[in-house]
There are 2 protein chains.
Amino acid sequence: MTAGMGGLCCIRPPCIYVSLREATYSYGNIMNRKAYTVSVPGEGYWREADYTGIASGRDTDKFKDTSLTPIKSKVVDAPYVEEYPLVLECRLMEAFKLGSHTMFVGEIIDIKADEDVLTNDKPDIQKIKPILFSFGDRSYHSIGPRIANAFSIRTPPIS
Amino acid sequence: MTAGMGGLCCIRPPCIYVSLREATYSYGNIMNRKAYTVSVPGEGYWREADYTGIASGRDTDKFKDTSLTPIKSKVVDAPYVEEYPLVLECRLMEAFKLGSHTMFVGEIIDIKADEDVLTNDKPDIQKIKPILFSFGDRSYHSIGPRIANAFSIRTPPIS
């Protein structure tokens, strides 16, 4: 599925979350397998990502529909998307029901990144070109230019 | 403070989270007041946002240091930043300790946006120009061009 809500939420252990409705097919899969992966599509895949956010795995084989390739993770019991440049493989740590959505917090067990999105052996967001999803007006956006290094302004900035 | 980890996590009720270390000054404030606000800086404020992510409110008055203006929220017991274009005012709903970081889930009680970041009366990410933070390589990035409407590819895309 395509998750519209997710992100980093802890450093030690390194954790991410995704928030899903109970009605989704993935909800049951994650509860049963106690694991999930997050495959981050580059912006060239926005059509595939949009379609897989609408169709349900209960009704159709979304890998076949999109010609994307499922690869079985070796570290957790879940597949990931071969064509997407960055993959996070997670063991389910917590499931917090908040209301319409349940927050699945997963410990990141491994990260896979395509060689061509690395800079100095680290995933580079300027090369991954992830799709940014704006929830309020239901739209996708690109990443723009790099602004600056973080943790660089150690004295009050002069305005 | 500047939080590096946060995002939307539920729709009904509408919730966001921020993940903080227990050692931060904000951690105690949120626990005591059962409330917080999130003020989203436009990219022109990256120096202010970077500085307020390094300095601690225990040691210095960061509003004074940056010439930013604190405004007392009328709906929750916390201040927000007048100069930042988008503000979310939250009532603390849950505090989940995950490890190094605790996830503060807040119900969004009100949203304030500057007139000049609205399109059809809704906050427009292209006008807000939020700062994107890449955790791995500690860098800030701009938002780029709008790609497309979401929920538009209802049949399998042709590749």
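Each chain has its residues counted from 1, following the order in which its sequence is written. Chains and ligands are labelled sequentially in the order written, the chains with letters from A and the ligands with numbers from 1. Selection of residues for local features in this predicted model requires a pLDDT of at least 70, selection of side-chain atom pairs for listing and counting requires 80 or more, and totals for whole chains, interfaces and linings are taken over all residues. To obtain the side-chain values, all non-hydrogen atoms of the structure were used and water was disregarded.

### Concerning the confidence of the model for chain A
Step number 1: Mean pLDDT over chain A: 97, with 99% of residues reaching 70 or higher.
Step number 2: Two numbers describe this predicted complex: its pTM, 0.96, and its ipTM, 0.95. pLDDT measures the predictor's confidence residue by residue and takes values from 0 up to 100.

### A short note on the sheet that holds strand S3 (residues 35-40) of chain A
Residue and element names in this part refer to chain A.
Step number 1: Strands are labelled as partners when DSSP assigns at least two bridges between them. Each helix corresponds to a stretch of at least 4 residues labelled H or I by DSSP, and each strand to a stretch of at least 2 residues labelled E; elements are numbered beginning at the N terminus. One open sheet holds the five strands; their spatial order is S1-S2-S7-S6-S3, and the pairing between them is antiparallel. The open sheet has two edge strands, strand S1 (6-10) and S3, and neither has a second partner. Shown here is a sheet whose adjacent strand axes are inclined to one another by a mean of 40°, direction ignored.
Step number 2: Relative to strand S7 (residues 101-113), strand S2 (residues 15-21) runs antiparallel, the two sharing seven bridges. Residue pairing for S7: Cys-15 is matched across the bridge by Glu-107. Note on method: axes are straight lines fitted to C-alpha atoms, helices fitted across the in-contact stretch only, with angles between N-to-C directions ranging 0 to 180 degrees.

### Here's the deal with unusual backbone geometry
Step number 1: Following A:Arg12, the chain continues into A:Pro13 via a peptide bond in cis, with omega recorded as -5°.
Step number 2: For A:Asp121, which is not glycine, the phi torsion reads 65° and is therefore positive.
Step number 3: Along the chain, A:Asp121 falls in the loop between strand S8 (118-119) and strand S9 (122-123).
Step number 4: Although it is not a glycine, B:Lys34 sits at a positive phi angle of roughly 55°.
Step number 5: When you line up the elements, B:Lys34 lands in the loop between helix H1 (25-33) and strand S3 (35-40).

### Some points on the sheet that holds strand S7 (residues 101-113) of chain B
In a beta sheet, neighbouring strands are held together by backbone hydrogen bonds and run either parallel or antiparallel to one another.
Residue and element names in this part refer to chain B.
Step number 1: Strand order in this open sheet of five strands is S1-S2-S7-S6-S3, and the pairing throughout is antiparallel. One side of each edge strand has no neighbouring strand; the edge strands of this open sheet are strand S1 (6-10) and S3. Neighbour to neighbour, the strand axes of the sheet diverge by 40° on average, direction disregarded.
Step number 2: Direction of pairing for S1 relative to strand S2 (residues 15-21): antiparallel, over a ladder of four bridges.

### Things to note about helix H2 (residues 46-54) of chain B
Step number 1: Burial classes follow relative accessibility: with a 1.4 Å probe on protein chains only, a residue under 20% of its type's maximum area counts as buried, one over 50% as exposed, and anything between as partly exposed. Residues B:Trp46, B:Glu48, B:Ala49, B:Asp50, B:Tyr51 and B:Thr52 constitute the buried set of H2(B).
Step number 2: At its buried positions, H2(B) is contacted by strand S11 (139-149) of chain A together with helix H3 (62-66) and strand S11 (139-149) of chain B. Two residues form a contact once any of their heavy atoms are found within 4.5 Å.

### Observations regarding the relation of the copies chain B and chain A
Step number 1: A least-squares superposition brings the copies together, and it is based on the C-alpha atoms of residues with pLDDT no lower than 70 in both. Least-squares fitting of chain B to chain A yields an RMSD of 0.0 Å, with the superposition described by an axial translation of 0.0 Å and a rotation of 180°. What we have between these two chains is a two-fold relation. Across chain B, the smallest distance between a C-alpha and the rotation axis is recorded for B:Gly144, namely 1.8 Å.
Step number 2: Mapped onto chain A, 100% of the interface residues of chain B are again interface residues, and the two copies thus contact each other with one and the same surface.

### Details of the interface of chain B and chain A
Step number 1: Contact residues are listed per partner, giving 60 residues for chain B and 60 residues for chain A.
Step number 2: Put simply, buried area is the surface a 1.4 Å probe can reach on two separate parts but cannot reach once they are joined, added for both. Here chain B and chain A share an interface that buries about 5,400 Å² over both sides, 67% of which is from carbon and sulfur atoms.
Step number 3: By convention in these notes, a salt bridge is any Lys or Arg side-chain nitrogen within 4 Å of a carboxyl oxygen on Asp or Glu. At the junction of chain B and chain A, the tally comes to zero salt bridges.
Step number 4: A 3.5 Å cut-off defines polar contacts: any pair of N or O atoms within that distance qualifies, except that in protein one atom must be a possible hydrogen donor and the other a possible acceptor, and neighbouring residues in sequence count only when both atoms are side-chain atoms. Our enumeration of links across chain B and chain A arrives at 26 residue pairs in polar contact (both at pLDDT 80 or more).

### Section: the environment of B:Glu94
Step number 1: By the secondary structure assignment, B:Glu94 is in strand S6 (residues 86-97).
Step number 2: Taking the C-alpha atoms as reference, B:Glu94 lies 6.9 Å from B:Gly106; in sequence the two are twelve residues apart.

### A closer look at the pattern of salt bridges
Residues and elements named next belong to chain B.
Step number 1: In this structure the tally under the stated criterion is twelve salt bridges over all chains.
Step number 2: Taking the shortest distance from any N to any O, the salt bridge between Arg-33 and Asp-77 comes out at 3.2 Å. Here Arg-33 is found in helix H1, whereas its partner Asp-77 is found in the loop between strand S4 (70-72) and strand S5 (79-81), with 44 residues between them in sequence.
Step number 3: Since its relative accessible area comes to 46%, Arg-33 is described here as partly exposed.
Step number 4: Here Glu-107 makes a salt bridge to Arg-91, at a shortest N to O gap of 2.5 Å. Here Glu-107 is found in strand S7, whereas its partner Arg-91 is found in strand S6, with 16 residues between them in sequence.

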